[in-house]
Amino acid sequence: MDGSHEITLDEPTGGRDGVSSEPKEASQDGQTAQETAVLPGQDPLAAAKEKEGAPEDAGADARLGPLWSPPGMGIPGTLPSTWARRQDMIALRTALGEDTAGTTHLEGARPPGPPPALPEPKGAMSSPRSGCREQETQQRSGEDDGHDGSASLVWAATPGMLFQEDKQTRLHPLSLSWVLGYNSSLAVHSLMDSEDRVLLYVSSHMVVIHDILGNRQYHLQGHTNVISCLCVSEDRRWVATADRGPDALIIVWDSFSGIPVRTIFESHPEDGVSAIAISQDAKYLATISAGTVQDYVIFNPQNPYEFVSNSKTQVVFYLWTFNSVVGHFSQSVFHFNNSQALTGTSAGKLVVWDVVSPHTPSKELWVKPHSMKATKLVPMQKDSLTVLMVFESCIVTGDVKGQVKFYNGELQLLACYSQSKVGPIRSISFSQAPPDPPGASPACSTSCTASSQPFVARFSWQRLSLAARVFQGAIWDRFLSSLEQRPGEWNFILSTSDATVLHVATDRTNFEKVMEEAKKAVNAIACHPRQALIAVGSHCGLLKVWDYQQTKYLVSRIFTEASIQCLSYDPEGYFLAAGFTDGSVYILDAISLQSSCKEFKFSRGPVTHISFSHDSEYLATADEKYSVTVYKRVLQNRSRCWEHLAGLRSHYKPIRSILFGVQLDSNEPRLLSLGEDRQLVEYDLSSSSKDHLVVLHRDRIEQVAVPLCLAWYPQLSTESFILTANNCYKMKLYNTTTKMCRKTLLGPTYGSPLEKIQILPTNTADAQKHYLAYITKDKVGLQILPVDGNPHKSSAFICHPDGVSDLASCYDGRYVFTAGGDDCTVMKWEVNLNALDAAASLGGEDLIPFYNLLDGGREGEFFRELEDYFYYAQLRNHGIDTLETRQVSTHIPLEEIPSVMRAMGFYPSEEKTEEMINEVKFSKYVDTGEQVTKINLGDFIKLYINHRPAFGLSMKKIQQAFQVLGYDNENGDKVIDRGDLLLLLQCRGEHMTEDELVQCLTTLLGKHPGRGGSEPDIYDPSGAAALTEEEIPEEITAEIFAADILGLPIAEPEKKNRKKR
């Protein structure tokens, strides 16, 4: 769109619930202004004492209070469902508790009127008990600063305290240690400057407080979704963050102590929060629902009961008319003269808003509504304005060319900072002002209108020649006189949309680069096999190598041709291979990142996996076109170089893993690939030649489940295994030679299946002690080996709520790294294996963890029923009608396993039944050479837990099958024709013979004759056709199939649907 709007003025009408003001405009996109809300405050100490029964005067006044808003615009349920709008502006008097229709007083809220003067803060703030989820602020007893009663950690906090505390003992198996990268779409704030340079920014679902000079980080963790917005109070102490997604939160943090002082649940339960602002006095929050078009909100610094929000095309507090090109709105601020507001646009203009009734007494403006009207459209520059803010008595702008400009109250230019190669500015954050020295006069006078004294006092004499060409006449004279004010360092931080953070000192001319991170998705990471180095590759083509021990950046290279998709070091650490989205492969020197040979481009699609062989003689890649390509290191002209060997389209669905190994009887490498087509393919590298890749074996390793990842299992026994994980939360061990499934085990069940696994390198003295690192869709975790299905042996933590793209572990196993893909971050996790071992020990030994996985546990009805079936299986094996003395044992024959499994409600396929029997039968064959013929109750319970579906039977799966196999009948239901169903059962999958089908149907429908004895019934197939037509309808729905044919219990909604049919 061209940015031109014709706006019409409408009388305000009743809006949706919780909407303060909703002006309507006839814009080209047809959008209208949406909802915002302000959240008034209350003394938190008084609220906390009242809640806990403590005296109200036990502490000092606080500066942050309880927060509320109308439904849909903050915290639902604290106000009635409507918020009447009487004028075309924001009716803040309603929010303050004025008796109007559809509103109510909030306990502890102040009466209407001008905001009272704030008391001087006494060093810190005392806050109510709060936290995120289970976390609460811990209180300390004693006296502090002369205050009696309990003094909280927040009260005792001081600036910089976060980095003065001793490192606490790690209590979890994985603890976040460092974060690389940040969300460049959100602002970067400067908390401290001068001697201490501390930044605050968002990385994925956490806030990072980064001490640049001290090379330290502190992480504020509490959100489970990616943080969507944040704001910082004027004194840089209070930080408010919000997210969008399931169970969205708003959390207010104390940046001095890192403690969450307030957590707000379900403020916008449907969509979460898209924008948030905190008033200058830190008593109020305003939030905007993510379901609206508004994306920016800010308070009036002179009036905490007034705020403005905007989107690209709307500003919420006014109705306006324009007939010229305005452009898209970027940000809005209130003018420091307390009567005007400004809005920046993409056309480089400032819209000046003024009160419709400017002669209204100023005292009444605090409590009475007033309309805003666009009075001027001031062209400032040609380039789009991206940032607009008020700093002291200056108007500050940032634009798409990286320029920062300062204007006085009359929009006259004071100064301009710019540097080449600075991208579009995303945020500007000024350093916290140092206190005035004793007896010093204020740095800024309220009468200063033509120039900004506090800013120009920070201006450098070296730039006067440049400024002289800008300022004229009286402005220049006042500018010179302002330099006589007290000197000081008033620096600011810039963040750009290309993920760069710069520090600007006003007495210098240069921009100092503080951080430069990936501006696009980070999908590739790899750890050096012998040094504390990690390589990080992104879709913007940036490849960086970090020393993760010292958290220092070492070397980088930018590839402009394509995006980096995967990385891998060779086992010796000499080479770093990179796969790109255009199918190209680079083999680089691991230290300098210079190319060791010419790039290869033999893949037809983006390279998804890349790996070296153990002897660094082969390099293999997999791509999105289901092909595997192999490169070989050869000797040419007395030097070693790489050449393309061969490629093969070996799968028909996406390849999930490629894996090099070592032959059991030699030191030759072996190569395997695993695809979603359930095929495990092994290649014969020694027999392969130029352009001919030979396949040695091709094995289907799953019947229904989809394999997702692959790894070599540590040598914990005589037999060698390959470990896989599938989408049904199962882990499987396959013999490395025969590819026979030797064991099926329940894997970690943390919301999504395992996406990638790696054996964690360990330096423990115990050779049998091994661990597995893994990632799921949004979590990273550890698993104790050997895997046995015990849920207490694994642990997982949220790392990237929007999805984990890659996993890497360092050479000594001390750290695990995760890449977040679109959140552009890499997280470093410190490993604490002792904590994981302790958690497993607390979970119990032997069968105790497995008893707890049964319905009702060891003392439940389910276990007693299992014992009965186990005993009945022995009776049936010995013969029901025998008169001989029975020898009761604790074992049953392996042949009885399927019957007992089905009696317990688990219905394995024939292939699954064979796997279970073979798992027990050959469990000791490698060690003893003998087969096992029976199983005891304890081993049966483990077998049942590990093989049954992780989450039981699901009606949804039956419905999905009908969606694939069925058709829509005249009622719009998915059905399968009776004849087609019988044909499918006899011809597809594990097909049944006609006799088997008749036997099953007559048994399920309860129509077989039966002899009434204890021996198995004899079935008569005669009359089966008539029975089928009589009992089974011609059109079968999923509900009929489950309830009427299989006899399974279904939920009430499905029952009602079945009755309707």
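Below: a short report on this structure. Treat the numbers as computed from the prediction; the structure is a model and nothing was measured.

## Focus: the overall build of the chain
- Check the secondary structure of the chain and you find 19 helices and 59 strands.
- Restricting to contacts in the chain with at least 6 residues of sequence separation, those with at least 24 account for 53%.
- Total accessible area on the chain is roughly 47900 Å²; 48% of this is exposed by carbon and sulfur atoms.

## Thoughts on the sheet that holds strand 58 (residues 974-977)
- If you walk across this open sheet you meet the 3 strands as 57-58-59, and the pairing is antiparallel. Taken across any chain shown, the strands that pair with only one partner, and hence form the sheet edges, are strand 57 (967-968) and strand 59 (1035-1037).
- One ladder, built from 3 bridges, connects strand 58 with strand 59; its direction is antiparallel. When the sheet's bridge partners are listed, I976 is paired in strand 59 with I1036.

## Side note on the sheet that holds strand 45 (residues 721-726)
- As summarised here, the arrangement of the 4 strands in space is 44-45-46-47, forming an open sheet in which the pairing is antiparallel. If you trace the sheet from one side to the other, it starts and ends with strand 44 (707-712) and strand 47 (741-746), each paired once. Mean inter-strand twist for the sheet, computed between neighbouring axes without regard to direction, equals 20°.
- Where strand 46 (residues 730-735) meets strand 47, 5 bridges bridge the pair, whose relative direction is antiparallel. Of the residues in strand 47, the one forming a bridge with L733 is K743.
- Sitting on the sheet, helix 11 (residues 910-921) touches strand 46 and strand 47, and the angle it makes with strand 47 is about 100°.
- Here helix 13 (residues 937-947) sits on the sheet in contact with strand 46 and strand 47, set at roughly 80° to strand 47.

## Focus: the pattern of salt bridges
- In this structure the tally under the stated criterion is 24 salt bridges.
- Put simply, E702 and K732 hold a salt bridge, and the shortest N to O gap is 3.0 Å. Residue E702 is found in the loop between strand 43 (692-700) and strand 44, and its partner K732 is found in strand 46; the two are separated by 30 residues along the sequence. The same class applies to E702 and to K732, which are both buried.
- In this structure, D968 engages K974 in a salt bridge whose closest nitrogen and oxygen atoms are separated by 3.6 Å.

## Regarding the packing of aromatic side chains
- What the rule picks out here adds up to 27 aromatic pairs.
- Ring geometry for F430 against F492: centres 5.3 Å apart, planes inclined by 50°, an arrangement best described as tilted. Of this pair, F430 sits in strand 25 (residues 425-430) while F492 sits in strand 26 (residues 492-496), and the two are 62 residues apart along the sequence.
- For the pair F862 and Y944, a centre-to-centre distance of 5.9 Å together with 35° between the ring planes defines the contact as tilted. Here the residue F862 occupies a position in helix 9 (residues 861-878), and Y944 occupies one in helix 13, the gap between them amounting to 82 residues. Summarising the burial analysis for this pair, F862 and Y944 share the class buried.
- Among the aromatic side chains, those forming a connected cluster through ring pairs are F391, F406, Y417, F430 and F492.
- Above the ring of Y815, the side-chain terminus of K828 is found at 4.4 Å from the ring centroid.
- A cation over a ring is seen here: R858 above Y851, with NZ or CZ 5.5 Å from the ring centre.

## Description of the pairing of strand 34 (residues 575-580)
- Burial analysis of strand 34 places 6 of its 6 residues in the buried class, which makes it a mostly covered element.
- The alternating pattern of strand 34 places F575, A577 and G579 on one face and L576, A578 and F580 on the opposite face, and all of these are buried.
- Where strand 33 (residues 564-569) lies against strand 34, 5 bridges are found, and the strand directions are antiparallel. Its bridge partner being in strand 34, I564 is matched across the sheet by F580.
- Connecting strand 33 to the next strand, strand 34, in antiparallel fashion are 5 residues, including G573 with a positive phi near 85°.
- Between strand 34 and strand 35 (residues 585-589), which pair antiparallel in sequence order, lie 4 residues; one of them, G583, sits at a positive phi of approximately 90°.

What counts and how
- Sequence positions are assigned chain by chain, starting from 1 and proceeding in written order.
- Per-residue local features are limited, in this predicted model, to residues with pLDDT of at least 70; the limit for side-chain atom pairs, both in listing and counting, is 80 or more; totals at the level of whole chains, interfaces and linings are taken over all residues.
- Based on all heavy atoms of the structure, the side-chain values leave hydrogens and waters out of the count.
- In this description a helix means any DSSP run of H or I spanning at least four residues, a strand means any run of E spanning at least two, and both kinds are numbered starting from the N terminus.
- Should any heavy atoms of two residues lie within 4.5 Å, those residues are considered in contact.
- Exposure was quantified through the Shrake-Rupley algorithm and a 1.4 Å probe, taking into account, for residues, occlusion by the shown protein chains and nothing else.
- A strand pair is defined by DSSP finding two or more bridges across the two strands.
- Only the contacting stretch of a helix is used when fitting its axis, a line to C-alpha atoms as for every element, and angles between N-to-C directions run 0 to 180 degrees.
- A pair is scored as a salt bridge if a Lys or Arg side-chain nitrogen falls within 4 Å of a carboxyl oxygen belonging to Asp or Glu.
- A 1.4 Å probe rolled over the protein chains alone gives each residue an accessible area, and that area as a share of the maximum for its type sets the label: buried under 20%, exposed over 50%, partly exposed in between.
- Each Phe, Tyr or Trp ring, with Trp reduced to its six-membered ring, pairs with another whose centre is within 6.5 Å; inter-plane angles below 30 degrees give stacked pairs, above 60 give edge-to-face pairs, and intermediate values give tilted ones.
- Here, over-ring charges are defined by two tests on the NZ atom of lysine or the CZ atom of arginine: distance to the ring centre within 6 Å, and angle to the ring normal within 35 degrees.

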